[in-house]
Amino acid sequence: MSAGPGERVVLVAMNLSSDSVVVVTPHMVAADMGEEVIVLHLEDGYYFGLENVSARIWKLLQKPVRVSEIERLLLEEYDVEPQKCREEVLSLLSNLVDK
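All values reported here derive from a predicted model rather than from experimental measurement.

### Looking at helix 3 (residues 82–98)
When the terminal C-alpha atoms of helix 3 are compared, their 24 Å separation across 17 residues agrees well with the 24 Å that a helix rising 1.5 Å per residue should span. Of all the residues in helix 3, the buried ones are C85, V89, L90, L92, L93 and L96. Along the long axis of helix 3, the arc covered by the buried residues comes to 160 degrees, so they all point the same way. Buried residues along helix 3 sit against strand 1 (21–22), strand 4 (47–51), helix 1 (52–60) and helix 2 (67–77).

Next comes the structure, spelled out in structure tokens:
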């Protein structure tokens, strides 16, 4: 799936994998608070915070990106095993889909 100019791909995939392309939805906005990102769900009015690596992933999700690219960047930036990285990235993305 690809996005045309001005369009956003909505993060709603049911079976996320390293081949999935993901991006934040337009109904979620965020404020960068240094090492933390505060995310507000505009439709439901709830908010939550993301810290450290989760905040880094959120920043990567601002434009369509393949999950494998997120994994690759995190493996370069952090001392983590590839399998653990994949599991954690997919878990966070699954949680964001649920929100």
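### Some thoughts on the environment of L61
Mapped onto the elements, L61 comes out in the loop between helix 1 and strand 5 (65–66). A sequence separation of 39 residues divides L61 from V22, and the C-alpha atoms of the two residues are 6.7 Å apart.

### A word on the confidence of the model for the chain
Per-residue pLDDT for the chain has a mean of 86; in total, 85% of the residues score no lower than 70. Ranking the helices and strands of the chain by mean pLDDT puts helix 2 first, with 98, and strand 2 (residues 28–32) last, with 92. Contacts from residues 1–13, a stretch scored under 50 in pLDDT, to residues over four places away or in other chains number 22 contacts.

Calculation criteria
Residues numbered from 1 in each chain as written. Predicted model: local features only at pLDDT ≥ 70, side-chain atom pairs only at ≥ 80, totals over all residues. Heavy atoms only, no water. Helix = DSSP H or I, 4+ residues; strand = E, 2+ residues; numbered from the N terminus. Expected span 1.5 Å × (residues − 1). Buried < 20%, exposed > 50% of the residue type's maximum accessible area, 1.4 Å probe, protein only. Arc of directions from axis to C-beta. Contact = heavy atoms within 4.5 Å. pLDDT = per-residue confidence, 0-100.

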